[in-house]
Amino acid sequence: MGTLSLSSVDFNLSVKYPEIPRFQWSKRNKNSCLLCGGSMKRLRWRCYTSSNDDEGKTSSSNKSKDEAAEDTRSNDPASLPSTSRPPPTSPLGTAYNNFQVDSFKLMELLGPEKVDPADVKLIKEKLFGYSTFWVTKEEPFGDLGEGILFLGNLRGKREDVFAKFQTLLAEVTGNKYNLFMVEEPNSEDLDPRGGPRVSFGLLRKEVSEPGPTTLWQYVIALLLFLLTIGSSVELGIASQINRLPPEVVKYFTDPNAIDPPEMELLFPFVESALPLAYGVLGVLLFHEVGHLLAAFPKKVKLSIPYFIPNITLGSFGAITQFKSILPDRSTQVDISLAGPFAGFALSLSMFSVGLLLSSNPNATEELVQVPSMLFQGSLLLGLISRATLGYASMHAATVAIHPLMIAGWCGLTTTAFNMLPVGCLDGGRAVQGAFGKNALIAFGLTTYTLLGLGVLGGPLSLPWGLYVLICQRTPEKPCLNDVTEVGTWRKTIVTVAIFLVVLTLLPVWDELAEELGIGLVSIF
């Protein structure tokens, strides 16, 4: 049984092998087989000859001379019309061409579902017009070009036009698409009515909206929360360093110590470590409750928090994702700031009460001794502690403070780290909502540089920078209305918050610490 592909046909077979009938490209036998002359309707023009070989030879031998001459002319590729010529093939053969086509089809199947062209035509007819937005061009929209971006000229107030479009879109297509109002890409001109030129992007809801939380995500969140509880308790144990056995002290202070101490040595200190652990966990929970309270009135859904354990601070905070598209940038700023403000309020309360108890002579039994160099980790908190406790207490090798002050200090530091203006951190979302994505890029590059140089965060700058790069580096997705700017007071609050973050994470250099009496620098 022979197999012959059209791409391998030699049009000069009649010269080398006259006994093989020539293939005819005329309309009446365009489906005929080269070998048998019979009907060939298979894809790729293949024929599997069997008993029809003899019949094909008999029929081809009865051709007249005129027909043979016509066949000779029709078999010449140069004399064929462009529509009748065989399609060009790749030097690697038809198998490679088929693989390319199948790969593109597979990418389309696995990729996000695109906007229906019929819906695009209907939307252009029903939504856009002379009095609202005159469409002049269409471009791909979305991460993989799965949507449509309508470019054109705005003919009214952008907020009113966008609200009208959203109402009409629900009437025309139902709950099928999301419409975004974004700044026109690569546009240097401003809108005649003020502000940037706008465009409208169309995406399917299942593509643009985040998916539901899976069972495995709940399991991972639970495991991370249990690890965070353990790291908070470990922080409480480490705060009692003046009471711990030498083996435990070596584990917490020696960087080369890898093997943890025996658990029997830690059990007597667990109960006294719980108050500090409760304070650290309380700040984390207050932070997440702040996000929820701000998101609920706006009907914005949030994911479960993924707490990140850390021995030095108890936790690096939590990763909380938006599970619905934000309506506008003001909502983005409000929800992003609500969590850090709630955590800041509780942390500042604990820090203030701890400072007062640390300066109370009657509370000496509850105080713990910590190295004074720890107060050099924050310029703002170090100055507040120095003003409250006095020069004599701070200018020493160790300082006696209340555990509540440690919990407040860790909470304020964690809140400040999460308010850094980079990526999907709360600070990054707030800056993106208040000043735009371009401002976030500039703030982010500056933040990464300061973290890399150790200017912000001190010894915690490297682990925090790696955490952000791995988990939180991607900016937040655009809001439905990503053009209308927020009010002046929101921008002012974000600016003041970033300024306080810098003061909190900026370490005190040795010369200034020695001059202010924050720690005893000369002994290190």
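Everything in this summary refers to the structure shown in the same document.

### A closer look at the overall build of the chain
- In terms of helices and strands, the chain carries 19 helices and 10 strands.
- Evaluated residue by residue, the chain yields a buried proportion of 43% over its 524 residues.
- Of the contacts formed within the chain by residues at least 6 apart in sequence, a portion of 71% connects residues at least 24 apart.

### Points about the nonpolar core
- F375, I401, L420, W464 and V494 are the most contacted members of the largest nonpolar core, which totals 58 residues.
- It is helix α14 (residues 403-418) that provides the largest number of residues to this core, a total of 8 residues.
- Excluding its chain neighbours within four sequence positions, the residues that come into contact with I401 are S358, L367, V368, V370, F375, L389 and I406.
- Counting 28 residues, the second-largest nonpolar core is a separate cluster that includes I123, F128, F141 and Y177.

### Details of the packing of helix α11 (residues 329-358) against helix α15 (residues 426-435)
- It is the contact of α11 with α15, at a shortest axis distance of 8 Å, that shows an interaxial angle of 150°. Relative to α15, the element α11 is oriented roughly antiparallel. Along this stretch, α11 crosses α15, giving a crossing that reads as left-handed. Contacts from R329, Q332, V333, S336, L337 and P340 of α11 reach α15 at D426, R429, A430, Q432, G433, A434 and F435.
- Among the residues forming the contact of α11 with α15, the class breakdown is 6 nonpolar, 4 polar and 3 charged.

### Some remarks on the pattern of salt bridges
- Applying the stated rule across the entire model yields 9 salt bridges.
- Note that R204 is salt-bridged to E206, the shortest N-O span being 3.7 Å.
- In this structure, E209 and K205 form a salt bridge, with 3.6 Å as the shortest nitrogen-oxygen distance.

### What to know about the packing of aromatic side chains
- Per the counting criterion, the structure on display carries 17 aromatic pairs.
- Considering the side-chain rings of F165 and F200, the 5.1 Å spacing of their centres and the 75° angle between planes classify their relative orientation as edge-to-face. Linking F165 in helix α6 (residues 158-173) with F200 in strand β6 (residues 198-204), this pair joins segments that are 35 residues apart in sequence.
- Of the residues examined, F165 reaches a relative accessible area of 0% and is grouped as buried.
- Taking the centre distance of 4.9 Å and the plane angle of 35° together, the rings of F417 and W464 count as tilted. Pair noted here: F417 is in helix α14 and W464 is in helix α17 (residues 461-471), with a separation of 47 residues, a long-range link. No difference in accessibility class separates F417 from W464, as the two residues are buried.
- Aromatic rings pair up to connect F128, F133, F150, F162, F165 and F200 into one cluster.

### Some details on empty space enclosed by the protein
- Enumeration according to the criterion identifies 4 cavities of 30 Å³ or more in this entry.
- The volume enclosed by the largest cavity comes to roughly 200 Å³.
- Around the largest cavity, the lining is made up of 21 residues, and of these H287, E288, H291, A318 and D426 lie nearest the centre.
- Going through the elements one at a time, α10 (263-295), β8 (314-319), α14 and α15 are the ones with two or more residues in the lining of the largest cavity.
- Here the element with the most residues in the lining of the largest cavity is α10; it accounts for 5 residues.
- Residue composition of the lining of the largest cavity, by class: 10 nonpolar, 8 polar and 3 charged.

### Side note on the sheet that holds strand β3 (residues 133-141)
- Reading across from one edge, β3-β4-β6-β5 is the order of the 4 strands in this open sheet, with antiparallel pairing throughout. With partners counted over all chains shown, the strands left at the sheet margins are β3 and β5 (177-183), one partner each. Strand-to-strand twist in this sheet, taken as the mean axis angle between neighbours without regard to direction, amounts to 25°.
- Here 3 bridges tie strand β4 (residues 147-154) to β6, and the two strands are oriented antiparallel to one another. Across the sheet, the residue bridging to I148 is L202, located in β6.
- Of the strands in this sheet, β3, β4, β5 and β6 are in contact with helix α5 (residues 117-126), which crosses β4 at around 20°.

### Digging into α15
- Taken across its 10 residues, α15 has 9 buried, putting it largely inside the fold.
- Buried within α15 we find D426, G427, G428, R429, A430, V431, Q432, G433 and A434.
- In the stretch just after α15, G436 is the one whose phi turns positive, near 100°.

### Considering a nonpolar patch on the surface
- Among the surface-exposed residues, L215, W216, Y218, V219, L222, L223 and L226 lie close enough to one another that they form a single nonpolar patch of about 790 Å² accessible area.
- One can find V219 in helix α8 (residues 215-238).

### Notes on the environment of V115
- Structurally, V115 is set in the loop between α4 (94-110) and α5.
- Assessed through its relative accessible area of 9%, V115 is described here as buried.
- Placed 87 residues apart in sequence, V115 and L202 show a C-alpha to C-alpha distance of 7.7 Å.

### Considerations on the side chain of S358
- Residue position: S358 is located in helix α11.
- Taking the relative accessible area as the measure of exposure, S358 reaches 10% and is therefore buried.
- Among the polar contacts listed, one links the side chain of S358 to the backbone oxygen of G354, at a separation of 2.6 Å.
- Every residue in contact with S358, bar those within four places of it in the chain, is listed here: L367, L389, A400, I401, H402 and M405.

Conventions we followed
- Residues numbered from 1 in each chain as written.
- Predicted model: local features only at pLDDT ≥ 70, side-chain atom pairs only at ≥ 80, totals over all residues.
- Heavy atoms only, no water.
- Helix = DSSP H or I, 4+ residues; strand = E, 2+ residues; numbered from the N terminus.
- Buried < 20%, exposed > 50% of the residue type's maximum accessible area, 1.4 Å probe, protein only.
- Contact = heavy atoms within 4.5 Å.
- Core = buried A, V, L, I, M, F, W, Y, C linked by side-chain atoms within 4.5 Å.
- Axes fitted to C-alpha atoms, helices over the stretch in contact; angles between N-to-C directions.
- Parallel < 35°, antiparallel > 145°, perpendicular 65-115°, else oblique.
- Left-handed = near helix turned anticlockwise from the far one by under 90°.
- Nonpolar A, V, L, I, M, F, W, Y, C, P; charged D, E, K, R; others polar.
- Salt bridge = Lys/Arg side-chain N within 4 Å of Asp/Glu carboxyl O.
- Phe/Tyr/Trp six-rings, centres within 6.5 Å; stacked < 30°, edge-to-face > 60°.
- 1 Å grid on protein atoms, 1.4 Å probe; cavity = no way out; pocket = protein on both sides within 12 Å on 5 of 7 lines; lining within 4 Å.
- Points joined across faces, edges and corners; volume = space filled by probe spheres on them.
- Pairing = 2+ DSSP bridges.
- Patch = residues over 30% accessible without salt bridge, like charges linked within 9 Å, V, L, I, M, F, W, Y side chains within 5 Å.
- Areas by Shrake-Rupley, 256 points an atom, 1.4 Å probe, with all protein chains shown as cover.
- Polar contact = N/O pair within 3.5 Å; in protein donor to acceptor, adjacent residues only side chain to side chain.

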